[in-house]
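# Results of the structural survey
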Amino acid sequence: MSSVSESEISDQLRNVVGDSYLLTSKSAKIEDFKKDMGDFESAPLLVVQPDSAQQVSRILKILNTHKVAVVARGAGTSLTGATSTFGGVVIDFSKRMNRILKIDITNWYVHCEAGVVVDDLNQELEKHGFFFPPDPASTPWCTVGGVVAEDSGGMRTFRYGTVKNWVLALNVVLADGTMIRIGEPLPKNRVGYDLVHLICGSEGTLALITEAWLKIMPLPGRTGSSSVKKFMIFFSNWNDAVSSIVAMRSSGIQPNLLEFMSKEAMTAVNQAFDTQIPEHQAILFMESPFEMVAKIIEICNANHSVDAYVGKDPKDEERLYSARALLLLGIKTLGSGVYNEDIVVPLDKLGEYLDFVKLTAKKYGLQIPTAGHAGDGNVHPTIVFDAESNESREKAKEAFADLINEAVQMGGSVTGEHGVGVQKLEFANRQLLERNGPKAIDLMREIKRLWDPNNILNPGKFVPRETTAP
Ligand SMILES: Cc1cc2nc3c(=O)[nH]c(=O)nc-3n(C[C@H](O)[C@H](O)[C@H](O)COP(=O)(O)OP(=O)(O)OC[C@H]3O[C@@H](n4cnc5c(N)ncnc54)[C@H](O)[C@@H]3O)c2cc1C
């Protein structure tokens, strides 16, 4: 930060957004911006709540001139400390930049502002018989800007891919306040380097998203195509569950959803939300076209499943879905602290990895309920610890590192969807260095320098560390 005082910056920002939309340390509301949902905590210097891209541009011009750190924020549901402020200014997109600008059912896209909540978007799209498929379990809160910046995944990733597969174009504001449009709201576009996909997953470190053009799809079943069913299949061990997944894949069967949960995870969610799901050692939750259900059950039976339950009606199916979607919140009730991982392993190593999670829980004497996206090999071991006890926290940290290191050794990745933030920076650095090498890291650092020469956009996160001494 240059020698300018906090009050001078406040005055300049107040001129842009007005008094009601500038929160200072004196405002009680600033408390809401101290934490993300992973409980990473740091107080912001100020919070600004702009109403337009023009205001975002003016804000960035001021902050770039004074070299003040800026953290874009949607709903703050990040689990990795990606919205930690380290004393910087927060730009809150959720308060006023939450308008849906156009739903185009001929060209199959929606154009909206960054602060639109994903569930709100889908409610509007549903009125037209369409939907935006990516579905992180945080859709009741998370915003379009947040899911694009995190390239979020979810239960439907197996079938539809992560958010980046659904982004056609973006309006962004650069660190110096310049406003640009990147990409085109067209099904195909081969012009220029693909800047849209550089921004997807960049965690607010390259540019701030103000508007997005997102692809949409007709709702399944709308055009007389087969209706879908949600169901669960139960196993007495991971080995049988994973063998069933492998058998399904080898037979070319691709359900829309293919999720797994451990008994510990299911017990936690049943207790917290009364979802009343049978608690077997390993559980698969799926959605598939109706005519595929019997074949899937047959394959699972051949691999020693112990029971199956098909949702009776839409309400009952919603109960099954919410039991999976609410898992993290259920697990959070088990202890005062949790570390949530989102490791990826090659699918053929999934069973071996899940056994390793069990061994790790035993080694450290910790509960590690586990769930994940079986179709993507994306595993969420969630380490429960006593936040008041240093010993318990240290054990949890060691378990966290063991689980990541094992996944990377198996040829996996430290994160499949939650991103790097501050939580996984060291691990991500190591993975990049070992797998991609110093030149790839240098290129990434050059990209950051080019887009944000003063390093004001979400500094200290995501961007890999230098590999050579300066
Ligand atoms: C219960 C629960 C379940 C979850 N399930 C999933 C899941 O299934 N899959 C998954 O991928 N994630 C999941 N998450 C993590 C999280 O919800 C996602 O990362 C989500 O995309 C964050 O959206 P947000 O609006 O809350 O963004 P925030 O948390 O506010 O911000 C996240 C990052 O995006 C940046 N950002 C936000 N808005 C902008 C913008 N306009 N321009 C530029 N950068 C911006 C921020 O600076 C930050 O780096 C879950 C979280 C919770 C609490």
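Residues numbered from 1 in each chain as written. Predicted model: local features only at pLDDT ≥ 70, side-chain atom pairs only at ≥ 80, totals over all residues. Heavy atoms only, no water.

## Structural notes on the pattern of salt bridges
For the structure on display, the rule yields 21 salt bridges. Of the charged contacts in the structure, one is a salt bridge between K164 and D151, with a shortest N-O distance of 3.2 Å. Highlighted residues: K164 in the loop between α5 (157-160) and β8 (167-173) and D151 in the loop between α4 (144-150) and α5, separated in sequence by 13 residues. Connected through salt bridges with shared partners, the residues D11, R14 and D19 form a single ionic network. (Salt bridge = Lys/Arg side-chain N within 4 Å of Asp/Glu carboxyl O. Helix = DSSP H or I, 4+ residues; strand = E, 2+ residues; numbered from the N terminus.)

## Some thoughts on the domain arrangement of the chain
In terms of domain boundaries, the chain breaks down into domain 1 (6-92), domain 2 (100-218) and domain 3 (228-409). A separation of 28 Å is found between the C-alpha centroids of domain 2 and domain 3. If you look at the interface, domain 2 gives nine residues, while domain 3 gives 15 residues. Across the interface of domain 2 and domain 3, roughly 1,100 Å² is buried in total on both sides, 60% from carbon and sulfur atoms. The three residues of domain 2 that bury the most area against domain 3 are M155, F158 and R159, which together make up 71% of that side's buried surface. Along the contact surface separating domain 2 from domain 3 lie five residue pairs in polar contact (both at pLDDT 80 or more). By residue class, the composition of the side of domain 2 that touches domain 3 is four nonpolar, two polar and three charged. (Domains from an automatic or database assignment. Contact = heavy atoms within 4.5 Å. Buried area = accessible area lost by both parts, 1.4 Å probe. Polar contact = N/O pair within 3.5 Å; in protein donor to acceptor, adjacent residues only side chain to side chain. Nonpolar A, V, L, I, M, F, W, Y, C, P; charged D, E, K, R; others polar.)

## Overview of unusual backbone geometry
Glycine aside, negative phi is the norm for most residues, and most peptide bonds take the trans geometry. One non-glycine residue with positive phi stands out, namely D274, at about 50 degrees. Mapped onto the secondary structure, D274 falls in the loop between α8 (263-273) and β14 (282-289). Assessed through its relative accessible area of 52%, D274 is described here as exposed. Of note in the backbone geometry, F462 takes a positive phi value of approximately 65 degrees without being a glycine. Along the chain, F462 turns up in the segment after α15 (438-451). (Buried < 20%, exposed > 50% of the residue type's maximum accessible area, 1.4 Å probe, protein only.)

## Quick look at the sheet that holds strand β10 (residues 208-215)
Across the sheet, which stays open at both edges, the five strands sit in the order β5-β6-β10-β8-β9 with antiparallel pairing between neighbours. At either end of the open sheet lies a strand with only one pairing partner, and these are β5 (100-104) and β9 (179-183). Sheet twist, expressed as the average angle between the axes of neighbouring strands with direction ignored, equals 10 degrees. Sheet strands touched by helix α3 (residues 118-126): β5, β6 (109-113) and β10. Its angle to β5, the strand with the most contacts, is close to 40 degrees. (Pairing = 2+ DSSP bridges. Axes fitted to C-alpha atoms, helices over the stretch in contact; angles between N-to-C directions.)

## Let's talk about the sheet that holds strand β2 (residues 46-48)
The strand order across the open sheet built from four strands is β1-β2-β4-β3, with neighbouring strands paired in mixed fashion. Only two strands of the sheet have a single neighbouring strand rather than two, namely β1 (22-23) and β3 (70-73). Where β3 and strand β4 (residues 89-92) come together, four bridges link them in parallel fashion. Residue R73 lies in a different strand from β4, and its bridge partner there is D92. Here helix α1 (residues 6-17) sits on the sheet and contacts β1, β2 and β4; the angle it forms with β2, its principal contact strand, is near 10 degrees. Docked against the sheet, helix α2 (residues 53-65) engages β2, β3 and β4, running at close to 170 degrees with respect to β4.

## So, the pairing of β14
Taken residue by residue, a regular strand's side chains alternate between the two faces of the sheet. Of all eight residues making up β14, eight are buried, and the element is well covered by its neighbours. Two elements, strand β12 (residues 228-235) and β14, share eight bridges in a ladder whose sense is antiparallel. Considered in β14, the bridge of F231 is made with M286. Across six bridges, the pairing between strand β13 (residues 257-262) and β14 is antiparallel. Residue pairing for β14: F260 is matched across the bridge by L284.

## Remarks on the packing of helix α7 (residues 238-250) against helix α9 (residues 293-302)
Two numbers describe how α7 lies on α9: the axes approach to 9 Å, and their chain directions differ by 130 degrees. Classed by the angle they form, the pair α7 and α9 counts as oblique. Here α7 runs over α9; the crossing is right-handed. Together, S244, A247 and M248 of α7 and I296, I299 and C300 of α9 make up the contact between the two elements. Across the contact of α7 with α9, the residue classes break down as five nonpolar, one polar and no charged. (Parallel < 35°, antiparallel > 145°, perpendicular 65-115°, else oblique. Left-handed = near helix turned anticlockwise from the far one by under 90°.)

## Points about the site of the ligand
Neighbouring residues of the ligand: 35 residues in total, closest A72, T77, S138, T143 and S152. Here an oxygen atom of the ligand and a backbone polar atom of A75 are 3.1 Å apart. The separation between an oxygen atom of the ligand and a polar side-chain atom of N458 is 3.2 Å. In isolation the ligand has 970 Å² of accessible area, and contact with the protein removes 98% of it. Of all elements in the fold, only β3, α4 and β10 reach the threshold of two or more residues within the shell around the ligand. If you tally residues by element for the shell around the ligand, the top one is α4, at five residues. Taken together, the residues of the shell around the ligand sort by class into 16 nonpolar, 15 polar and four charged. When residues of the shell around the ligand are assigned to domains, at least three map to each of domain 1 (6-92) and domain 2 (100-218). (Near = heavy atom within 4 Å. Areas by Shrake-Rupley, 256 points an atom, 1.4 Å probe, with all protein chains shown as cover.)

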